[in-house]
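Architecture and fold: a report
Spelled out, the chains give:
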Amino acid sequence: QKEVEQNSGPLSVPEGAIASLNCTYSDRGSQSFFWYRQYSGKSPELIMFIYSNGDKEDGRFTAQLNKASQYVSLLIRDSQPSDSATYLCAVKGPGGGSARQLTFGSGTQLTVLP
Amino acid sequence: NAGVTQTPKFRILKIGQSMTLQCAQDMNHNYMYWYRQDPGMGLKLIYYSVGAGITDKGEVPNGYNVSRSTTEDFPLRLELAAPSQTSVYFCASSYLGDRGHSPLHFGNGTRLTVT
């Protein structure tokens, strides 16, 4: 059974600060890692994906992957109140069939305080 | 281009009733998925399809059935509804599925309550 773990939060940061969201996964063979943002009452939307060790930057967002530690993180720089949402980590496994589909963590609720 | 359309948005069922959640996409995606999301939890995969006529079970398929007669439509059937099926249901589609990194495009969700 694949597991994806996230701190549920809530995580509160002041406007302009860096928000750090963390995710660990159990399947060492996992290959692709995704961060989705979900506003309250809305559907998830993809922010970033990463599949190589290291950092990947897109605007104010940076995804970090460490496969040896089975750890993926999302950094949000210059946090804005509009970033307040639940952030879902999702992991794609190495096998076939349903094992290759995404496994989601339970999400971290982020609040950016004005 | 509507994306992924789900109907209904809300539904209340009595225990033992049945219903079909509708999902349609107009992006010509081969891959379609049904997820459920319980309060404070992540999404759990119920069923998925890699193309018309092909479906497979996900993590939590019990109590549900699906069909995929066309590329566009992927309805989810609940037979004999139970309180444990109270949840928000999301339909999603993607272009490359498990062969790539294409994002999931989600519908707006169906909030189902079984009492």
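One structure accompanies this document, and this report is about it. (Residues numbered from 1 in each chain as written. Chains lettered and ligands numbered in written order. Predicted model: local features only at pLDDT ≥ 70, side-chain atom pairs only at ≥ 80, totals over all residues. Heavy atoms only, no water.)

Here we take up the overall build of chain B. Scanning chain B from N- to C-terminus turns up zero helices and eleven strands. In chain B, the succession of α and β elements from N to C terminus is β-β-β-β-β-β-β-β-β-β-β. For chain B, whose C-alpha radius of gyration is 13 Å, the value lies close to the compact-globule estimate of 13 Å for 115 residues. Overall, chain B is about 40 × 30 × 25 Å in size when its C-alpha atoms are taken along their principal axes. With 115 residues in all, chain B has 47% of them scored as buried. For chain B, long-range pairs separated by at least 24 residues make up 55% of all intrachain contacts whose partners lie at least 6 apart in sequence. (Helix = DSSP H or I, 4+ residues; strand = E, 2+ residues; numbered from the N terminus. Rg over C-alpha atoms; globule rule 2.2 N^0.38 Å. Buried < 20%, exposed > 50% of the residue type's maximum accessible area, 1.4 Å probe, protein only. Contact = heavy atoms within 4.5 Å.)

Taken as a whole and judged by the stated rule, the model has ten aromatic pairs over all chains. Between Phe-90 of chain B and Phe-106 of chain B the ring centres are 6.1 Å apart and the planes differ by 85°, which places this aromatic pair in the edge-to-face class. With Phe-90 of chain B in strand E9 (residues 87-94) and Phe-106 of chain B in strand E10 (residues 105-106), this residue pair connects regions lying 16 residues apart in the sequence. Classification of Phe-106 of chain B as buried rests on a relative accessible area of 10%. Clustering of aromatic rings is evident, with ring pairs tying together Tyr-36 and Phe-104 of chain A together with Tyr-33, Tyr-35, Phe-90 and Phe-106 of chain B. Of note, Lys-56 of chain A hangs over the ring of Phe-49 of chain A, and the distance from its end group to the ring centre comes to 3.7 Å. The cationic tip of Arg-68 of chain B hangs over the ring face of Phe-74 of chain B; the distance from NZ or CZ to the ring centre is 5.9 Å. (Phe/Tyr/Trp six-rings, centres within 6.5 Å; stacked < 30°, edge-to-face > 60°. Lys NZ or Arg CZ within 6 Å of the ring centre and 35° of its normal.)

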